[in-house]
Amino acid sequence: MAQATANRNNARRDFYDRIGGLSMAPLWEQLHQLVPPSPAPKYQAAHWDYDKVRPFLMESGSLITAKEAVRRVLILENPALPGSACITPTLYAGLQLILPGEVAPSHRHTQSALRFIVEGEGAYTAVDGERTLMREGDFVITPTWTWHDHGNESAKPMVWLDGLDIPIVAMFNASFAENGESDEQAITAPEGTSDAKFASGLLPVDWKPERQTSPIFNYPYSRTREALAGLAKAGPPDPCHGYKLRYVNPASGGAPIATMGTFMQLLPRGFATAPYRSTDGTVFSVVEGEGESRIGERTFRWKRRDHFVVPSWATVVHSAASESVLFSFSDRPIQERLDLWREDRGSH
Ligand code: 1HN
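Owing to the predicted nature of the structure, the values given are computational and were not obtained by experimental measurement. (Residues numbered from 1 in each chain as written. Predicted model: local features only at pLDDT ≥ 70, side-chain atom pairs only at ≥ 80, totals over all residues. Heavy atoms only, no water.)

Got a minute to help me understand the overall build of the chain in this structure?
Tallying secondary structure elements over the chain gives eight helices and 22 strands in all. Computed over C-alpha atoms, the radius of gyration of the chain comes to 23 Å, within 12% of the 20 Å expected from 2.2 N^0.38 for 348 residues, which places it in the range of a compact globule. Taken along the three principal axes of its C-alpha coordinates, the chain extends 80 × 50 × 50 Å. Expressed as a percentage of its 348 residues, the buried residues of the chain come to 46%. Across the chain, contacts joining residues at least 24 apart in sequence account for 75% of those joining residues at least 6 apart. Working note: accessible area of the chain is about 17700 Å², and carbon and sulfur atoms make up 55% of it. Positive and negative side-chain charges in the chain, numbering 35 and 41 respectively, have mean positions lying 5 Å apart. (Helix = DSSP H or I, 4+ residues; strand = E, 2+ residues; numbered from the N terminus. Rg over C-alpha atoms; globule rule 2.2 N^0.38 Å. Buried < 20%, exposed > 50% of the residue type's maximum accessible area, 1.4 Å probe, protein only. Contact = heavy atoms within 4.5 Å. Areas by Shrake-Rupley, 256 points an atom, 1.4 Å probe, with all protein chains shown as cover. Lys, Arg positive; Asp, Glu negative; His and termini not counted. Charge placed at Lys NZ, Arg CZ, Asp CG, Glu CD.)

Please explain the environment of serine 324 as it appears in this structure.
Note that serine 324 resides in strand β21 (residues 324–330). Linking serine 324 and aspartate 49, residues 275 residues apart in sequence, is a C-alpha distance of 16 Å. With near-sequence residues (within four places) excluded, serine 324 lies in contact with Gln265, Leu266, Leu267, Glu288, Gly289, Glu290 and Trp302. One polar contact links the side chain of serine 324 to the main-chain carbonyl oxygen of serine 322, over a distance of 2.7 Å. (Polar contact = N/O pair within 3.5 Å; in protein donor to acceptor, adjacent residues only side chain to side chain.)

Sorry, what's going on with the nonpolar core here?
General note: in soluble globular proteins, nonpolar side chains tend to be found buried as a group. One finds Ile87, Leu95, Phe139, Leu161, Met264, Phe327 and Phe329 to be the most contacted residues of the largest nonpolar core, which totals 37 residues. In contact with phenylalanine 139, not counting residues within four places along its chain, are Leu114, Arg115, Phe116, Phe217, Asn218, Tyr219, Tyr247, Pro256, Thr262 and Phe327. If you look at the next biggest cluster of nonpolar residues, it comprises 14 residues, including Leu267, Ile295, Val310 and Ala320. (Core = buried A, V, L, I, M, F, W, Y, C linked by side-chain atoms within 4.5 Å.)

What's the story with the sheet that holds strand β7 (residues 130–134) in this structure? I'm lost.
Working definition: the strands of a sheet are paired by backbone hydrogen bonds and lie parallel or antiparallel to each other. Taking strand neighbours across the sheet as the criterion, the five strands line up as β7-β6-β9-β4-β11 in an open arrangement whose pairing is antiparallel. In the strand order of this sheet, the two ends are held by β7 and β11 (177–179), each with one partner. Adjacent strand axes in the sheet meet at a mean angle of 25 degrees, parallel and antiparallel pairs treated alike. In terms of strand pairing, strand β4 (residues 103–109) meets strand β9 (residues 148–152) through three bridges, oriented antiparallel. The residue of β9 that forms the bridge with histidine 107 is histidine 148. (Pairing = 2+ DSSP bridges. Axes fitted to C-alpha atoms, helices over the stretch in contact; angles between N-to-C directions.)

I would appreciate a short explanation of a nonpolar patch on the surface in the present structure.
On the surface, Leu27, Leu31, Leu34 and Val35 cluster together to form a nonpolar patch covering roughly 370 Å² of accessible area. In this structure, leucine 27 sits in the loop between α1 (2–20) and α2 (31–34). For leucine 27, a relative accessible area of 46% puts it in the partly exposed group. (Patch = residues over 30% accessible without salt bridge, like charges linked within 9 Å, V, L, I, M, F, W, Y side chains within 5 Å. Salt bridge = Lys/Arg side-chain N within 4 Å of Asp/Glu carboxyl O.)

Would you mind showing me how to read the pairing of β7 here?
Where a strand is regular, its side chains alternate between the two sheet faces. Residues Glu130, Thr132 and Met134 point to one face of β7 and are all buried, whereas Arg131 and Leu133, pointing to the other face, are not buried. Bridge count for strand β6 (residues 123–127) against β7 is five bridges, and the pairing is antiparallel. Its bridge partner being in β7, tyrosine 124 is matched across the sheet by leucine 133. Remark: two residues form the turn of the hairpin made by β6 and β7, two consecutive strands paired antiparallel; aspartate 128 in that turn has positive phi of roughly 45 degrees.

Got a minute to help me understand the site of the ligand in this structure?
With respect to spatial proximity, the complete set of residues near the ligand consists of Arg71, Tyr92, Gln96, His107, His109, Arg115, His148, His150, Asp162, Leu164 and Ile166. Glutamine 96 has a polar side-chain atom sitting 2.9 Å from an oxygen atom of the ligand. Within the side chain of histidine 148, one N or O atom sits 2.9 Å away from an oxygen atom of the ligand. A total of 330 Å² of accessible area belongs to the ligand in isolation, and the protein chains cover 84% of it. At the level of elements, β3 (92–98), β4, β9 and β10 (158–164) are the ones that each hand at least two residues to the shell around the ligand. Looking at side-chain class alone, the shell around the ligand contains three nonpolar, five polar and three charged residues. (Near = heavy atom within 4 Å. Nonpolar A, V, L, I, M, F, W, Y, C, P; charged D, E, K, R; others polar.)

Printed below as a string of structure tokens:
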């Protein structure tokens, strides 16, 4: 019997070797791994403590200028995906430092970017001819193929979280990029123009959207925070989310960026979310408060300016020791477009 099994296995291996020469392989050896019954992510939960990260960020500021680096960023790389520059298999995240007086030169690429301001205020980003000044907690977008450059005219360092759809664009082999003719792009609209046109529940009368990305490029924290506070006064929190809002393209109702969904949630002091999981691996930035998140079997304690990542389908429970606000982003809009997105709210 053992001999029969050995003979059979040898015959199969020999067969696999011979078809391998024709760039073919037997599906039956990998079918279960290719189509797991539920998500089996090959990446892990991780946490970046800002107290440990910040000294290295500042040290990077004395190693290289923003101009030489083009973008002076420390990548937040998933510990299970070394060398990939990915925080999840579909998302890139990094912390960017721009020092007083520096300029990050103008370029554009097909990758879309989001900025979430972690520390400092008064640096600007320019997107397609308009500047916006950025403050802590602001959410700013650089849509696909838009010219963008940044500058810090304030007296203090500025740090923000960059989120990009780099792995998604790489999967499609759809990357194009080019540098601007000068470091700073020409400014063609006064600051506040896109807010005036699009951020008051109004739109220019004959304006028609030409793309999926939002015509608003700065969603300031002051307004987001006010909305969360109003929501918290209006009724009880959602068991799984606390008080959670998604950022929106006001012209479509969809996400501000076609490839990345962005969210802000408030957790009241002492509140713990009910166990929850969803298929969109999610990156979090802690804006206010302190607490902990149990992600699968591991628990991470967090506080303001920390970052952490929750893998696809990992069960998460957030507990807030003090009133907390969490920003997050994921690939949820893509999954929804493809009818792939799922969540599991337990019994809630
Ligand atoms: C980029 O353009 C920025 O514009 C930040 O600030 C991070 C990472 C990879 C590729 C392009 C930026 C980036 C990036």
